[in-house]
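# Report on the structure
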Amino acid sequence: MGVVLFTLSSCSSDDDEYEGNWIERSVFDGSARSGVSGFTIGNIGYMGTGYDGDDYLTSFWAYDMDGDYWSQKADFPGSARNAGVGFQINGTGYIGSGYDGLDELDDFYAYDPSSNTWTQIASTPASPRRSAIAFGINGYGYFGTGYDGDNDRKDFWKYDPSTDTWSEMVGFGGDKRRSATTFIINDLVYLGTGVSNGSYPDDFWVFDPSTETWTEKLPLDEEDDYSIARSNAVGFTINGYGYIACGTSGGTLTSVWQYDPSDDTWEDRTSLEGTSRQDPIAFSNGSRAVVGLGRTSSLYLDDIYELFPFDEYDDED
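Let me sum up the structure you'll find in this document. (Residues numbered from 1 in each chain as written. Predicted model: local features only at pLDDT ≥ 70, side-chain atom pairs only at ≥ 80, totals over all residues. Heavy atoms only, no water.)

From N to C terminus, the protein chain includes 0 helices and 26 strands. Compactness check: the protein chain gives a C-alpha radius of gyration of 18 Å against a globular reference of 20 Å for 317 residues, within 12% of the reference. For the protein chain, the C-alpha atoms occupy an extent of roughly 50 × 40 × 35 Å along the three principal directions. Scored against the burial criterion, the 317 residues of the protein chain give a buried share of 54%. Once local pairs closer than 6 in sequence are excluded, the contacts in the protein chain between residues at least 24 apart make up 52%. Carbon together with sulfur atoms contributes 41% to the accessible area of the protein chain, which is approximately 12,700 Å² in total. In the protein chain, 18 positive and 55 negative side-chain charges are present, and the distance between their average locations comes to 7 Å. (Helix = DSSP H or I, 4+ residues; strand = E, 2+ residues; numbered from the N terminus. Rg over C-alpha atoms; globule rule 2.2 N^0.38 Å. Buried < 20%, exposed > 50% of the residue type's maximum accessible area, 1.4 Å probe, protein only. Contact = heavy atoms within 4.5 Å. Areas by Shrake-Rupley, 256 points an atom, 1.4 Å probe, with all protein chains shown as cover. Lys, Arg positive; Asp, Glu negative; His and termini not counted. Charge placed at Lys NZ, Arg CZ, Asp CG, Glu CD.)

Turning to the pairing of strand β9 (residues 117–121), a few remarks are in order. Strand residues, when the strand is regular, have side chains that alternate between the two faces of the sheet. Where strand β8 (residues 104–112) meets β9, 5 bridges bridge the pair, whose relative direction is antiparallel. Directly across from Y109, in β9, lies its bridge partner Q120. Two successive antiparallel strands, β8 and β9, enclose a turn made up of 4 residues, where N116 displays a positive phi of approximately 55°. (Pairing = 2+ DSSP bridges.)

Residue S97 is not a glycine yet carries a positive backbone phi of 60°. Checked against the element boundaries, S97 lands in strand β7 (residues 92–99). You can call S97 buried: its relative accessible area is 0%.

Once that is clear, we can look at the sheet that holds strand β5 (residues 69–73). With antiparallel pairing, 4 strands are arranged side by side in an open sheet as β2-β3-β4-β5. Two strands close off the open sheet at either side, each with one partner strand: β2 (37–41) and β5. When the angles between neighbouring strand axes are averaged without regard to direction, this sheet yields 20°. Where β2 and strand β3 (residues 44–48) come together, 5 bridges link them in antiparallel fashion. Across the sheet, residue G38 finds its bridge partner in β3, namely M47. (Axes fitted to C-alpha atoms, helices over the stretch in contact; angles between N-to-C directions.)

So, on to the pairing of strand β19 (residues 241–245). With 4 of 5 residues buried, β19 lies mostly within the body of the structure. The pairing of strand β18 (residues 234–238) with β19 spans 5 bridges and is antiparallel. Each bridged residue has a counterpart across the sheet, and for I238 the counterpart in β19 is Y241. Count of turn residues in the β18/β19 antiparallel hairpin: 2 residues, of which N239 carries a positive phi of about 50°. Bridge count between β19 and strand β20 (residues 256–260): 4 bridges; the pairing is antiparallel. Across the sheet, the residue bridging to A245 is V256, located in β20.

Turning our attention to the packing of aromatic side chains. Under the defined criterion, the tally for this structure stands at 44 aromatic pairs. Between F143 and W166 the ring centres are 6.1 Å apart and the planes differ by 70°, which places this aromatic pair in the edge-to-face class. Remark: W166 occurs in strand β13 (residues 165–169) and F143 occurs in strand β11 (residues 140–144); sequence separation between them is 23 residues. Given a relative accessible area of 11%, W166 falls into the buried group. Taking 6.0 Å as the distance between ring centres and 20° as the angle between the ring planes, the aromatic pair formed by Y190 and F204 counts as stacked. Placement of Y190 in strand β15 (residues 188–192) and of F204 in strand β16 (residues 204–208) is noted, with a sequence separation of 14 residues between them. Residues Y190 and F204 agree in their burial class; the two are buried. The structure contains a cluster of three or more aromatic residues connected by ring pairs, namely F39, Y46, F60, F76, Y109, Y111 and W118. One residue, R130, lies across the ring of Y99, its end atom 4.0 Å from the ring centre. Over the face of the ring belonging to Y140 we find K158, whose NZ or CZ atom lies 4.0 Å from the ring centre. (Phe/Tyr/Trp six-rings, centres within 6.5 Å; stacked < 30°, edge-to-face > 60°. Lys NZ or Arg CZ within 6 Å of the ring centre and 35° of its normal.)

What follows is about the pattern of salt bridges. Note on pairing: side chains with opposite charge can pair once their charged atoms come close. For the coordinates displayed, the defined rule picks out 14 salt bridges. Measuring nitrogen to oxygen at the nearest pair gives 3.3 Å for the salt bridge that ties R288 to D66. Of this pair, R288 sits in the loop between β22 (281–284) and β23 (289–292) while D66 sits in the loop between β4 (60–64) and β5, placing them 222 residues apart in sequence. Under the relative-accessibility criterion, R288 is labelled partly exposed at 23%. A residue is classified by how much of its surface remains accessible, and D66, at 56% relative accessible area, is exposed. Between K158 and E212 there is a salt bridge whose closest N-O contact spans 2.7 Å. (Salt bridge = Lys/Arg side-chain N within 4 Å of Asp/Glu carboxyl O.)

Judged by pairing direction, the sheet is antiparallel, and its 4 strands sit side by side in the order β10-β11-β12-β13 without closing on themselves. Only two strands of the sheet have a single neighbouring strand rather than two, namely β10 (133–137) and β13. On average, each strand axis in the sheet is tilted by 25° relative to the strand beside it, whichever way the strands run.

See the structure below:
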């Protein structure tokens, strides 16, 4: 296990101007890694696969947010990979796509937490790809964007677990991208960030699953003091607000931005009180969230932190 013994980048000197506090939680029991895939079911975050700097991985783990501990689960049965996606539908988790060091992938697998078992499901008819996004909502899974080895993508696909089938969707008017982020607030899915052709798209979108339509929101550079555009970040939700954290934009980041859907605005929150990182994982049950793992350059990380977005910043935690 690679334990982080020092900090490369932490909160800036004026972080006490911002709301929010981070508390370090139990370090990950497995090998430090980035580009993992995961999902949250109840108060348990599940994640696996990834890359540790030497090997692509299949090990799979659960983090108990209430008990603050990790436990190892049945290995992911597909080929070792990183940069895949994860989502959950009605208490079943799904992981698929990604990159195995040679090729982009299109296979998917379902995980049953009650039996700790995996089942292969239908591969997506989309082109094999890595660094896509996926989410589960209203009984369906959705998968799109990413990089197929030649081009960045913007297509979207819908998975129906009752028939084990995928169908192509239309209507997303955003830019092509890979390594974007999403979060869900009040049964609406928000999508933004990412990178394409060396630039960071600043468009921001909301998906309504009841009508399966996308609506563009204000761009991520709408205000001069916003600095939200980035790639390889994480998105999550806490008590009706959305968050985008860490990632890379001219270097790895610790910064955190909070989104208020009531007025389509962003505010900065206290930066992650740990090493700057890209390709981390976030677990959120809607009222709590933790962020961890990932990498800074060739340093792979195994620490995790919980965000309390409206607490006073305390550098002694």
